[in-house]
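Summary of the model geometry
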Amino acid sequence: MVYFVGAGPGAVDLITVRGMELLKKADVIIYAGSLVNPELLGYAKEDAEVHNSAVMTLEEVMDVMINAARAGKEVVRLHTGEPSVYGAVREQMDILDKEGISYESCPGVTAAFGAASSLNLEYTLPGISQTLIITRLEGKTKVPEKERMELLAQHGSSMAIYLSIGMIEELAEKLLKGGYTPETPAAIVYKATWSEEKKIVCTIGDMAQKTKEAKIVKTAVVLIGEAIDHSSYERSKLYDPEFSTEFREKIK
């Protein structure tokens, strides 16, 4: 059996309990060494066979995975964050389907939520935004025309932007073109939840400059929206005494 496991955003104790248990019993572990905290391998048993996929091609990864699974071994493919978000897992699963090999997924905490915890944020503040957009700028991987940053920015919602810190000036330009103002709150979180985490609260207007001053060039998520400032929002209706719910009557 092959298990696709989300390693979480970085901190060793932010992998799920299920993911930790799968690591403990795995015979073979293939981990994304360029992004996954290597300390997570401390959960592996002593005789586990460990491969770093950062130096492997897809074909090499699949050869290890398929051969191990056919030999009756338990395989963990350890991806950073949450595998369903920029995890490139579908192409692996399709190959396993063709080979008749069973697999399961174990979710993880994605960087946007690790960053939110570091800043104590709520992305969906009433009266501010009820939508969180997770997206990225176009790089080697193309972005569909209808998902261009300028178009997504028109919503004015909370945004978590991945894989774009190296193009921070272009990102700021596109966000402004889409309708945000230079004063719109922003935050840069480098290696969210890692021991070397850095976080910068800024605005779209000065985020490029502050990112360069902090010498952050990779492994960071960019957060955009008024929810970061959280200076003006409406109280939640869920706990409002003037509203009834399934569990309590409103106070008259």
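Please refer to the structure higher up on the page.
1. Considerations on the overall build of the chain
When helices and strands are tallied, the chain shows seven helices and 10 strands. Seen along its three principal axes, the alpha-carbon backbone of the chain occupies a region of about 60 × 50 × 35 Å. The buried share of the chain, taken over its 252 residues, is 45%. A separation of at least 24 residues holds for 65% of the contacts in the chain among residues at least 6 apart in sequence. Here the chain displays about 13,700 Å² of accessible surface, and carbon together with sulfur accounts for 51% of that area. The positive charge centre, built from 28 side chains, and the negative charge centre, built from 37, are 1 Å apart in the chain.

2. Considering the pairing of strand β1 (residues 2-6)
Burial of β1 is extensive: five of the five residues sit out of reach of the surface. Residues V2, F4 and G6 point to one face of β1 and Y3 and V5 to the other, with burial holding for every one of them. Pairing between β1 and strand β4 (residues 75-79): five bridges, direction parallel. Bridged to V5 within β4 is L78. Taken together, the four bridges between β1 and strand β5 (residues 103-106) define a ladder with parallel strand orientation. Counterpart to V5 in the pairing with β5 is C106.

3. Re helix α4 (residues 111-119)
Of all the positions in α4, only A112, G114, A115, A116, S118 and L119 are classed as buried. In this structure, the buried side of α4 is in contact with β7 (158-162), β8 (185-190), β9 (198-203) and β10 (220-224). Of the residues one or two after α4, N120 is the one with positive phi, at around 55°.

4. A word on unusual backbone geometry
Even without a glycine there, the phi angle at N120 is positive, about 55°. Locating N120 in the fold gives a position in the loop between α4 and β6 (132-136). The exposure class assigned to N120 is exposed, which follows from its relative accessible area of 68%. The backbone phi angle of T219 is positive, close to 55°, even though this residue is not glycine. Within the fold, T219 resides in the loop between α7 (207-213) and β10.

5. Structural notes on the environment of I161
In this fold, I161 is placed in strand β7. For the pair I161 and A69, spaced 92 residues apart in sequence, the C-alpha separation works out to 36 Å.

6. A closer look at helix α6 (residues 168-178)
Three or more residues of α6 are buried, namely I168, L171, A172, L175 and G178. Around the axis of α6, the buried residues are gathered within 130° of arc, so they sit on the same side. Away from its buried face, by an angle of more than 90 degrees, α6 presents the exposed residues E173 and K177. In this fold, the buried residues of α6 make contact with α5 (149-153), β7, β8, α7 and β10. At the C-terminal side of α6, G179 shows a positive phi close to 130°.

7. Overview of the environment of A44
Inspection of the secondary structure puts A44 in the loop between β2 (28-31) and β3 (49-52). A relative accessible area of 18% places A44 in the buried class. Placed 18 residues apart in sequence, A44 and A26 show a C-alpha to C-alpha distance of 7.0 Å. Excluding anything up to four places from it in sequence, A44 contacts L23 and I29.

The rules behind the values
- Here the residue index of a chain counts from 1 through its sequence in written order.
- Whole-chain, interface and lining totals are the exception, using all residues; otherwise, since this is a predicted model, local features are given only for residues with pLDDT of at least 70 and side-chain atom pairs are given and counted only at 80 or more.
- Hydrogens are left out, water is left out, and the side-chain values use all remaining heavy atoms of the structure.
- Only runs of H or I of at least four residues qualify as helices and only runs of E of at least two qualify as strands under DSSP, and these elements are numbered from the N terminus.
- Burial status follows relative accessibility: with a 1.4 Å probe on protein chains alone, a residue under 20% of its type maximum counts as buried, one over 50% as exposed, and anything between as partly exposed.
- Any pair of residues with heavy atoms lying within 4.5 Å of one another is described as a contacting pair.
- Residue burial considers only the protein chains on display, and all accessible areas are found by Shrake-Rupley using a 1.4 Å probe.
- For this count, His and the chain ends are skipped, Lys and Arg are scored as positive, and Asp and Glu as negative.
- We put the charge of a Lys on NZ, of an Arg on CZ, of an Asp on CG and of a Glu on CD.
- Strand pairing is assigned whenever DSSP identifies at least 2 bridges connecting the two strands.
- As used here, the arc is the angular range of directions from the helix axis to the C-beta atoms.

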